Amino acid sequence: MLLDRSWLVDDEYEGERELAAFDGMNLFAAAAMLSQVNIQSLVDEMTPQERVEYFAEMVGLSRVLRFNEIIEVRMRALLSSETLDQASNVVENVDTLMEEDDFGMDGSPYE
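In short, a report on the structure.

About the thresholds
Residues numbered from 1 in each chain as written. Predicted model: local features only at pLDDT ≥ 70, side-chain atom pairs only at ≥ 80, totals over all residues. Heavy atoms only, no water. Helix = DSSP H or I, 4+ residues; strand = E, 2+ residues; numbered from the N terminus. Buried < 20%, exposed > 50% of the residue type's maximum accessible area, 1.4 Å probe, protein only. Contact = heavy atoms within 4.5 Å. Areas by Shrake-Rupley, 256 points an atom, 1.4 Å probe, with all protein chains shown as cover. Lys, Arg positive; Asp, Glu negative; His and termini not counted. Salt bridge = Lys/Arg side-chain N within 4 Å of Asp/Glu carboxyl O. Arc of directions from axis to C-beta.

**A short note on the overall build of the protein**
Assigned secondary structure in the protein consists of 5 helices and 0 strands. Put simply, the protein runs from its N terminus to its C terminus through helices and strands in the order α-α-α-α-α. Across the 111 residues in the protein, those meeting the buried criterion constitute 25%. Contacts in the protein between residues at least 24 apart in sequence constitute 35% of all its contacts with a sequence separation of at least 6. About 8500 Å² of surface is accessible on the protein, with carbon and sulfur atoms providing 54% of the total.

Put into structure tokens, the structure is as follows:
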């Protein structure tokens, strides 16, 4: 009996090539996963456990676990980058406040 492959279409799914480029992924696995959910849902909305439940049987448990690992590392890096950006903004704001406060309340320079 042949498996139903109606999800295997001629047109690429959005994000298919990018997903296939992940370590451990390939075009077939990417197309299979993206036939079920869009790339946004896959990366941002599904939990690692949900990805395992939905896709382990379809593309292999080790592939899904590796994908989860990569997503986690990238999210941590993104959060670290955002935290650094926020800290930099705070420092800039403090510097600006310090520059604006070079004078005392009566308008005379601090001494």
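Having put the structure on the table, let's press on.
**Considering the side chain of Glu16**
Position of Glu16 relative to the elements: it lies in helix H1 (residues 16-20). As a buried residue without a salt bridge, Glu16 has its nearest oppositely charged side chain in Arg17, at a separation of 7.0 Å. Glu16 has contacts with Leu27, Ala30, Ala31 and Leu34, leaving out every residue within four places of it along the chain.

**Here's the deal with helix H4 (residues 48-59)**
Where H4 is concerned, the buried positions are Arg51, Val52, Phe55, Ala56 and Val59. Each buried residue of H4 sits inside an arc of 130° when the element is viewed along its axis, so together they form one side. Those residues of H4 that are exposed and aimed more than 90 degrees away from the buried face are Glu53, Tyr54 and Glu57. Looking one or two places after H4, you find Gly60, whose phi comes out positive at around 105°.

**Some thoughts on the pattern of salt bridges**
A full pass over the atoms with the stated rule returns 4 salt bridges. Put simply, Glu12 and Arg17 hold a salt bridge, and the shortest N to O gap is 2.6 Å. What makes Glu12 partly exposed here is its relative accessible area of 43%. We note a salt bridge from Glu69 to Arg66, for which the minimum N-O separation is 2.5 Å. With Glu69 and Arg66 both in helix H5 (residues 61-100) and 3 residues apart, the pair spans about one turn of that helix. For Glu69, a relative accessible area of 44% puts it in the partly exposed group. Salt bridges here are not isolated pairs; linked through shared partners, they connect Asp23, Arg66 and Glu69.

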